[in-house]
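Letter by letter, the chains look like this.
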Amino acid sequence: MATGLIGKKRGMTSIFDENGKALPCTVIEVGPCYVTQVKTEKTDGYNAVQVGFGEKKENRTTQPLQGHFKKAGVSPKRKLVEFSHFAKEIKAGDEITAADVFAEGEFVDVIGTSKGKGFQGVVKRHGFGGVGQQTHGQHNRLRAPGSIGAASYPARVFKGMRMAGQTGNERVKVQNLRVLKVLEDKNLVLVKGAVPGFNGNTVIIEK
Amino acid sequence: MDFIKDLEKELVEFPEYPAFKAGDTVAVTYKIKEGEKERLQKFQGVVIQRRSSGVTETFTVRKMSGTVGVERIFPIASPFIDSIELVRSGKVRRSRIFYQRKRTGKSARIKEKRRF
């Protein structure tokens, strides 16, 4: 995992670039994140920085976590994520803002939880074509998956066979989104294109 | 949503144009880039719809070029639009007058809105 921060998806809009082209963009409220722990090779076996984002009531925090936040000297946070390769020296309790990490023109990956679609069939879930006709004996199988394998050999269905099931509501990473704008005073980052999940969802942005 | 709308106002300049809606005849002067040069071109026709809001708002202008109907969609906040002139305000009953696409000649006329 590379350098990154935690944020909140706020919604989509579009802005015009210098050529007058309208670019679709997602507004993400990034940080300010607070460093809750610095892991080093000596103490933990690897180098990483754990950051927290979003306020949480203290009486809703478990006692072990309360102690963890107290040690770092920050208020309880909703989401904790580890990142490696932070460029500059940081220590627990430090505040990291969007402008510290991201700059305009950079490419970032955004991780979020996609919108849940419930239990879906193979046509929506895997893009199967369904049965191409409505006549010639088809009456109840227009969106059926068809054959799922051969008969007595192999006498089983192969693992990973694409079938119906829960769709969406899973971790999705969208790669190489261009950072169009970083609004320092508002802690906002505008990235080109869409980001998984609902508005208000927690997302992770990494370089 | 309000958060996004407020942000749009900050990020994008909204030029002031005369208020127009579907049925109105407008003349849109827009910039065309040819290599390095920039020149202005006019597109005059009937507005057949305005859709969306904020930065993403667009309007569709339809004109007859000879016997062929030509439609152009403009983003209202586009920096390429030089000016919009309201030529004639028409009296129509709907906000999207797509029925205009099927009409030609006499039936395609739109009554002018009179203000007293």
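Presented here is an overview of the structure given in this document.

Conventions and cut-offs
- Residues numbered from 1 in each chain as written.
- Chains lettered and ligands numbered in written order.
- Predicted model: local features only at pLDDT ≥ 70, side-chain atom pairs only at ≥ 80, totals over all residues.
- Heavy atoms only, no water.
- Patch = residues over 30% accessible without salt bridge, like charges linked within 9 Å, V, L, I, M, F, W, Y side chains within 5 Å.
- Areas by Shrake-Rupley, 256 points an atom, 1.4 Å probe, with all protein chains shown as cover.
- Salt bridge = Lys/Arg side-chain N within 4 Å of Asp/Glu carboxyl O.
- Helix = DSSP H or I, 4+ residues; strand = E, 2+ residues; numbered from the N terminus.
- Buried < 20%, exposed > 50% of the residue type's maximum accessible area, 1.4 Å probe, protein only.
- Pairing = 2+ DSSP bridges.
- Phe/Tyr/Trp six-rings, centres within 6.5 Å; stacked < 30°, edge-to-face > 60°.
- Lys NZ or Arg CZ within 6 Å of the ring centre and 35° of its normal.

Notes on a nonpolar patch on the surface
Residue and element names in this part refer to chain A.
- Among the surface-exposed residues, I148, V157, F158, M161 and M163 lie close enough to one another that they form a single nonpolar patch of about 390 Å² accessible area.
- By the secondary structure assignment, F158 is in the loop between helix 4 (122–126) and strand 9 (165–167).
- We classify F158 as partly exposed; its relative accessible area is 45%.

Topic: the pairing of strand 2 (residues 37–51) of chain B
All names here are of chain B.
- Where strand 1 (residues 25–34) meets strand 2, ten bridges bridge the pair, whose relative direction is antiparallel. Pairing of E34 across the sheet is with K37, part of strand 2.
- Pairing of strand 2 with strand 3 (residues 58–65), which is carried by five bridges, proceeds in the antiparallel orientation. The residue bridging Q49 from the neighbouring strand is T60, located in strand 3.
- Hairpin remark: strand 2 followed by strand 3, antiparallel, with six residues in the connecting loop; positive phi at S52, about 65 degrees.

A word on the packing of aromatic side chains
- Scanning the model with the defined rule gives four aromatic pairs over all chains in all.
- Taking the centre distance of 5.5 Å and the plane angle of 55 degrees together, the rings of Y30(B) and F74(B) count as tilted. Highlighted residues: Y30(B) in strand 1 and F74(B) in strand 4 (residues 68–75), separated in sequence by 44 residues. Across this residue pair, the class does not change: Y30(B) and F74(B) are buried.
- One aromatic cluster is present, built from ring pairs that chain together F20(B), Y30(B), F43(B), F59(B) and F74(B).
- Note that R10(A) overlies the ring of F3(B), its terminal NZ or CZ placed 3.6 Å from the centroid.
- Directly above the aromatic system of F43(B) lies the positively charged group of K63(B), at a separation of 4.7 Å from the ring centroid.

Topic: the pattern of salt bridges
All names here are of chain B.
- Inspection of every chain in the model, using the stated rule, returns eleven salt bridges over all chains.
- Measuring nitrogen to oxygen at the nearest pair gives 2.8 Å for the salt bridge that ties R50 to E57.
- Here R62 ties to E71 by a salt bridge, and the two come within 2.9 Å at their closest N and O atoms.
- The class of E71 is partly exposed, set by a relative accessible area of 31%.
- When salt bridges that share partners are traced, they join R62, E71 and R101 into one network.

None of this, on its own, says anything about what the molecule does.
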